[in-house]
Amino acid sequence: MIATLDRLLALSRKLHTAKIQSESEPIYVALDLNELQLLKRLADDYLEESESVLYESDHRAAA
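Residues numbered from 1 in each chain as written. Predicted model: local features only at pLDDT ≥ 70, side-chain atom pairs only at ≥ 80, totals over all residues. Heavy atoms only, no water.

> Got a minute to help me understand the environment of Lys14 in this structure?
Checked against the element boundaries, Lys14 lands in helix α1 (residues 2-21). It is 7.8 Å that separates the C-alpha atoms of Lys14 and Val29, two residues lying 15 residues apart in sequence. Setting aside residues no more than four positions away along its own chain, Lys14 makes contact with Val29, Ala30, Leu31 and Glu35. Only 3.1 Å separates the side chain of Lys14 from the side chain of Glu35, close enough to count as a polar contact. (Helix = DSSP H or I, 4+ residues; strand = E, 2+ residues; numbered from the N terminus. Contact = heavy atoms within 4.5 Å. Polar contact = N/O pair within 3.5 Å; in protein donor to acceptor, adjacent residues only side chain to side chain.)

Rendered as structure tokens:
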């Protein structure tokens, strides 16, 4: 878990630095395969969690 958080912080710093360096231009960031897989897992987890919350709120509203 700590390794994942460290990788997320490093990725966040990389994206923040790219944003600062190109305020008025498109941001191009080279991500390695591990970073892409981490982002995909995070997106999948986020979508799964939001679907779960939506399902629970719909279930409560129907009750």
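> Looking at this model, I keep getting lost on helix α2 (residues 33-62). Mind explaining?
Think of an α-helix as 3.6 residues a turn; residues three or four steps apart then line up on the same face. The end-to-end C-alpha distance of α2 is 43 Å, a good match for the 44 Å that 30 residues give at a rise of 1.5 Å each. Structurally, the start of α2 carries an N-cap: the backbone nitrogen of Asn34 is 3.1 Å from a side-chain oxygen of Asp32. (Expected span 1.5 Å × (residues − 1).)

> For this particular structure, what's the right way to read a negative patch on the surface?
Taken together, the side chains of Asp45, Glu48, Glu49, Glu51 and Glu56 present a region of like negative charge at the surface. Following the sequence through the fold, Glu51 ends up in helix α2. (Patch = residues over 30% accessible without salt bridge, like charges linked within 9 Å, V, L, I, M, F, W, Y side chains within 5 Å. Areas by Shrake-Rupley, 256 points an atom, 1.4 Å probe, with all protein chains shown as cover. Salt bridge = Lys/Arg side-chain N within 4 Å of Asp/Glu carboxyl O. Lys, Arg positive; Asp, Glu negative; His and termini not counted. Charge placed at Lys NZ, Arg CZ, Asp CG, Glu CD.)

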